[in-house]
Amino acid sequence: MLKPKVLTNVLSQANTGGVENTLLLNSDGTLLAFSGFHNRDARITSAIASNVWCAYEKHGHNSFREDPLNYLIINCEGGNVIVTQVANLLLCLYATTNDFGLLKAKIAKLKETLEQPLMSIS
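What counts, and at which threshold
Every residue gets a number counted from 1 within its own chain, in the order that chain's sequence is written. Only residues with pLDDT of 70 or above have their local features reported here, since the model is predicted, and side-chain atom pairs are shown and tallied only from 80 upward, although totals for entire chains, interfaces and linings are computed over all residues. Based on all heavy atoms of the structure, the side-chain values leave hydrogens and waters out of the count. By nonpolar core we mean a set of buried residues, namely Ala, Val, Leu, Ile, Met, Phe, Trp, Tyr and Cys, connected to one another through side-chain atoms within 4.5 Å. Each residue's exposure class comes from its accessible area (1.4 Å probe, protein chains only) as a fraction of the maximum for that residue type: buried when under 20%, exposed when over 50%, partly exposed otherwise. Strands here are runs of E lasting at least two residues and helices are runs of H or I lasting at least four, both read from the DSSP assignment and numbered beginning at the N terminus. What makes two residues a contact is simply this: any of their non-hydrogen atoms within 4.5 Å. A 3.5 Å cut-off defines polar contacts: any pair of N or O atoms within that distance qualifies, except that in protein one atom must be a possible hydrogen donor and the other a possible acceptor, and neighbouring residues in sequence count only when both atoms are side-chain atoms.

### Describing the nonpolar core
Right, on to step 1. By size, the foremost hydrophobic cluster in this structure holds 19 residues, and its most contacted members are Leu 11, Leu 24, Leu 91, Leu 93, Leu 114 and Leu 118.
Right, on to step 2. If you tally residues by element for this core, the top one is helix 3 (residues 100-121), at five residues.
Right, on to step 3. Sequence-distant contacts of Leu 11, that is, excluding residues within four places in its chain, are made with Thr 22, Leu 24, Ala 33, Phe 34, Ser 35, Leu 91, Leu 110 and Leu 114.
Right, on to step 4. The next biggest cluster of nonpolar side chains, apart from the first, holds twelve residues, and it includes Leu 23, Ala 49, Trp 53 and Leu 90.

### Brief notes about the side chain of Asn 15
Right, on to step 1. Structurally, Asn 15 can be placed in the loop between helix 1 (4-12) and strand 1 (19-25).
Right, on to step 2. Taking relative accessible area as the criterion, Asn 15 reaches 13% and is therefore assigned buried.
Right, on to step 3. Within the structure, Asn 15 has its side chain in polar contact with the side chain of Thr 22 (distance 2.7 Å).
Right, on to step 4. Residues within four places of Asn 15 in sequence aside, it is in contact with Glu 20, Asn 21, Thr 22, Ser 35 and Gly 36.

### Some points on the side chain of Thr 97
Right, on to step 1. Inspection of the secondary structure assignment puts Thr 97 in the loop between strand 5 (89-95) and helix 3.
Right, on to step 2. By relative accessible area, which is 18% here, Thr 97 ends up buried.
Right, on to step 3. Among the polar contacts made by the side chain of Thr 97, one reaches the main-chain amide nitrogen of Asp 99 at a distance of 3.1 Å.
Right, on to step 4. Among residues more than four places away in sequence, those in contact with Thr 97 are Gly 17, Gly 18, Asn 80 and Leu 103.

Next comes the structure, spelled out in structure tokens:
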């Protein structure tokens, strides 16, 4: 069984090097777990990230059939958001850094860490 405190601790490990928030959300944007500094911003980020991801899932597959979406990077005025799918949930990092390689490495490692535990509960 996945414990909420352990999940939050795992998410918080990514909050270094310009990453301010790490979020785990479902496809409709509901925030399931959060680690970071700005709670209000997390709700807004989760809503935007899930909306863009689901729009691609719904309409983008028709255009890019052979190229599945692995990562989504959203460049915003205040920072950058990177999103990926873990089990049937979305994992999202919000950062002020423009180092996309670092963001991709962090989210890939978190995905690898969380995939098995989240698959067992979903």
